[in-house]
Structure formats: structure tokens, C-alpha cells
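An overview of the molecular structure
These are the residues of each chain, in order.
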Amino acid sequence: MSKGFKMSQGLPQGSVLSPTLFTLFMCGIEEVIFRRCEVGLFADDIVIWKCGADISLLENSVKNSLVDAWNFAVNHKLCFNALKSSTSFFTTHRKLYKYQPKIFLGGSPLSVDTHPKYLGGQKYPAQDTSIISCIRVEND
């Protein structure tokens, strides 16, 4: 039998209840983000994306959704890890291939990842231009 221990924040890693408790704790964040962008959740990853033709509008929508997500996290005593989070830009316009959106999470700039990996298997809509941000939640 394991020894008992006290936790003031987070969930015990490896516990069979941790994924369920974490999901319940995160419940509602998709509604906060969905006001401006599409959202996908899988385990402790959150993916936010916006598609369209106006890059300025796309970038602002993603930025504002990240501010909303950050505020949700603060209110729920969650921590987002900006160093493990990234943003990506997809386009069919050759002149924009090297464009790198300036997206921030809690005041920290997100790195631009040209080949993001997301385990949730979400298919993104086929559009001319998309900005996608992947947020990593620290749950320990």
C-alpha cells in the first residue's frame, strides 16, 4: 500500500482518477475560446485555430482567444506552459509561406512550429489561410 501525501495543487501523476478529474476541472474552457475561434481538447493539450482570408483578423482572434484562455486558467488556478506551447501558420499563398504570426501566451511569445503535432487527431478545415496555436497545460 502507498503512503499518503498532501497535495495543495494539481493532480497526482499516474493516478487512475487524474485524467477524469483533470477533464472535469478544465470543463468550460472550450466555451470561453469558442467565442472567437475553433477549439480542440485532448488530455492536457488545447488547440485553438482560426481560418479565413484576413491575416490581421485571424491573428487578433487567436490572440484574444488566448487572453480569454489565460484568464480562465488564472481563475481556475491552472498553469499554461508557454515554452511547451507553439503557434503555426498554414497557407496556400506562396508569398505568405514564411509569415510568422506574433502570438503571445501570458505575455510570452509562442514559438512558431511549421510541423505541429497534436495527438487529438483533429482535422482542420481546408482554407486558404489558418493560424493554429497549441497550448500545453501544466498539471503537476
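Here we summarise the structure given alongside this text. (Residues numbered from 1 in each chain as written. Predicted model: local features only at pLDDT ≥ 70, side-chain atom pairs only at ≥ 80, totals over all residues. Heavy atoms only, no water.)

A closer look at unusual backbone geometry
To keep things clear, this is the line we draw: Secondary structure follows DSSP: runs of H or I at least 4 residues long count as helices, runs of E at least 2 residues long count as strands, and numbering of each begins at the N terminus. Three labels apply to residues, based on accessible area from a 1.4 Å probe with only protein chains included: buried if under 20% of the type maximum, exposed if over 50%, partly exposed otherwise in between.
One non-glycine residue, K77, lies in the positive phi region at around 55°. For K77, the position within the fold is in the loop between helix 3 (55-75) and strand 3 (79-91). By relative accessible area, K77 is classed as exposed at 63%.

Some details on the nonpolar core
Using the following cut-off: By nonpolar core is meant a set of buried Ala, Val, Leu, Ile, Met, Phe, Trp, Tyr and Cys residues that side-chain atoms within 4.5 Å join together.
By size, the foremost hydrophobic cluster in this structure holds 20 residues, and its most contacted members are I29, I33, I46, L66 and F80. Of all the secondary-structure elements, those providing two or more residues to this core are helix 1 (18-26), helix 2 (29-33), strand 2 (45-52), helix 3 and strand 3. In terms of residues, this core owes the most to one element, helix 3, which gives 5 residues.

Digging into the pattern of salt bridges
To be explicit about the condition: Here, a salt bridge means any Lys or Arg side-chain nitrogen found within 4 Å of an Asp or Glu carboxyl oxygen.
One pass over the structure, following the stated rule, counts 2 salt bridges. In this structure, D68 engages R36 in a salt bridge whose closest nitrogen and oxygen atoms are separated by 2.2 Å. You can see D68 sitting in helix 3 and its partner R36 sitting in the loop between helix 2 and strand 1 (38-42), a full 32 residues away along the chain. Note on D68: relative accessible area 15%, which makes it buried. Two residues, K63 and E59, come together in a salt bridge whose shortest N-O distance is 3.7 Å. Residue K63 and its partner E59 are both found in helix 3; the two are separated by 4 residues, about one turn of the helix. The partly exposed category is assigned to K63, whose relative accessible area is 27%.

Examining the pairing of strand 1
So the rule is basically this: When DSSP finds two or more bridges between two strands, those strands count as paired.
Where strand 1 and strand 2 come together, 5 bridges link them in antiparallel fashion. Across the sheet, E38 pairs through a bridge with W49, a residue of strand 2. The loop that links strand 1 with its antiparallel partner strand 2 comprises 2 residues; one of these, A43, has a positive phi angle of about 55°.

Details of the environment of V67
Following the sequence through the fold, V67 ends up in helix 3. Linking V67 and V32, residues 35 residues apart in sequence, is a C-alpha distance of 9.9 Å.

Thoughts on the state of the cysteines
Put simply, the test is: Any cysteine sulfur atom paired with another within 2.5 Å is treated as part of a disulfide.
Under the criterion given, the structure shown has 0 disulfides. Not part of a disulfide, C51 finds its nearest cysteine sulfur in C37, a span of 9.4 Å. For C51, a relative accessible area of 21% puts it in the partly exposed group.

Here's the deal with helix 1
Test applied: The arc under discussion is defined with respect to the helix axis, by the directions toward the C-beta atoms.
Along helix 1, the residues classified as buried are S18, F22 and M26. Viewed end-on, helix 1 has its buried residues packed into an arc of 60°, placing them on one side of the element. Within helix 1, the exposed residues directed more than 90 degrees away from the buried face are T23 and L24. Two residues or fewer after helix 1 comes G28, characterised by a positive phi angle close to 110°.

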